[in-house]
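A look at the structure
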Amino acid sequence: MKILPHGQGLDLPAYATDGAAGMDVVSAEDVTLAPGARHAVATGLAMAIPPGFEIQVRPRSGLALKHGISVPNAPGTIDSDYRGELKVILINHGAQPFEILRGDRVAQLVLAPVTRAAWLPVQELESTERGEGGFGSTGGVVALGS
Ligand SMILES: O=c1ccn([C@H]2C[C@H](O)[C@@H](COP(=O)(O)OP(=O)(O)OP(=O)(O)O)O2)c(=O)[nH]1
Ligand SMILES: [Mg+2]
């Protein structure tokens, strides 16, 4: 896949192990996230994803568990026709400020196939066992005090 590595001296996104689903992507900037703050972290990378694919930006579980750092739009969607800088939106759900240094691995990128839909407007839809039930209609959630 073609990539413009603007972030000089930084590692390209890379799989940490042979079986890794995601490539760890590093920050191109130093930034501190205050508790509750969001930031679009620069990566310095622009890429040409092949048509028919997307890249999903997913959080790293270690950062989430240890520091409350997540990706609020997870999975972030990188379109195949996007040529701008890939940014990783992070949010600090933790109680402490979180310091990110240039070169730190902040998220992971998963390449995934895209299936596109074409709509067929109709007058009615086939009936199903579920019908219009949703949002807990099959049970399993017991309210406290009920
Ligand atoms: O975590 C993300 C999400 C998106 N993008 C870039 C690539 C993506 O192709 C583009 C648009 O993303 P999205 O469709 O999620 O955002 P939008 O709010 O719908 O903006 P747009 O109107 O530009 O589509 O922004 C990122 O760099 N990081
Ligand atoms: Mg969009």
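Residues numbered from 1 in each chain as written. Chains lettered and ligands numbered in written order. Predicted model: local features only at pLDDT ≥ 70, side-chain atom pairs only at ≥ 80, totals over all residues.

Overview of the UniProt feature "domain: dUTPase-like" (unreviewed entry) in the protein chain
Per the UniProt record, the feature "domain: dUTPase-like" (unreviewed entry) sits at residues 11-139. Taken as a whole, residues 11-139 contains 5% helix and 36% strand, while its terminal C-alpha atoms sit 48 Å from one another. (UniProt positions renumbered as here; feature names shortened; annotations may be inferred. Helix = DSSP H or I, 4+ residues; strand = E, 2+ residues; numbered from the N terminus.)

So, the confidence of the model for the protein chain
On average, residues of the protein chain carry a pLDDT of 96, and 98% of them reach 70 or more. Scored as a complex, the prediction yields pTM 0.93 and ipTM 0.99. (pLDDT = per-residue confidence, 0-100.)

Some thoughts on the UniProt feature "binding site: substrate" (unreviewed entry) in the protein chain
Mapped onto this structure's residue numbering, the UniProt feature "binding site: substrate" (unreviewed entry) falls at R60, S61, G62, N73, T77, I78 and D79. With the annotated positions falling across 20 residues, the maximum pairwise C-alpha distance of 26.4 Å shows that they are not confined to a single cluster. A residue is classified by how many C-beta atoms lie within 10 Å of it, and R60, with 19 of them, is partly exposed. Residues contacting R60, with those up to four places away along its chain left out, are R105, A107 and Q108. (Buried ≥ 20, exposed ≤ 12 C-beta atoms within 10 Å, placed from the backbone. Contact = placed C-beta atoms within 7 Å.)

Overview of the sheet that holds strand β10 (residues 87-92)
Taken in spatial order, the three strands line up as β5-β10-β8 in an open sheet, and their pairing is antiparallel. Edge positions in the sheet fall to β5 (38-42) and β8 (69-70), since each has one partner strand and no second. Inspection of the sheet shows β8 paired to β10 by two bridges, in the antiparallel sense. Looking across to β10, one finds that I69 is bridged to N92. (Pairing = 2+ DSSP bridges.)

With respect to the site of ligand 1
Neighbouring residues of ligand 1: V57, N73, G76, T77, I78, D79, Y82, L86, K87 and I89. Secondary-structure elements contributing two or more residues to the shell around ligand 1 are β9 (76-78) and β10. Sorting elements by how many residues they give to the shell around ligand 1 places β9 first, with three residues. Along the lines of polarity and charge, the residues of the shell around ligand 1 split into five nonpolar, three polar and two charged. (Near = placed C-beta within 6 Å. Nonpolar A, V, L, I, M, F, W, Y, C, P; charged D, E, K, R; others polar.)

So, the sheet that holds strand β12 (residues 105-113)
Two pairing modes exist for strands in a sheet, parallel and antiparallel, and in both the strands are linked by backbone hydrogen bonds. Strand order in the open sheet made by the five strands is β2-β3-β12-β7-β9, with antiparallel pairing throughout. The open sheet terminates on both sides in strands that have one partner only, identified here as β2 (14-15) and β9. The pairing of strand β7 (residues 53-58) with β12 spans six bridges and is classified as antiparallel. By the bridge assignment, V57 is partnered in β12 with L109.

Focus on unusual backbone geometry
Glycine aside, residues mostly have negative phi, and peptide bonds are mostly found in the trans state. With an omega of -10 degrees, the peptide bond between A74 and P75 qualifies as cis. Position of P75 relative to the elements: it lies in the loop between β8 and β9. Phi angles above zero are rare outside glycine, and F135 is one such case at about 55 degrees. Assignment of secondary structure puts F135 in the segment after β12. Here F135 falls in the exposed class, since 6 other C-beta atoms lie within 10 Å of it.

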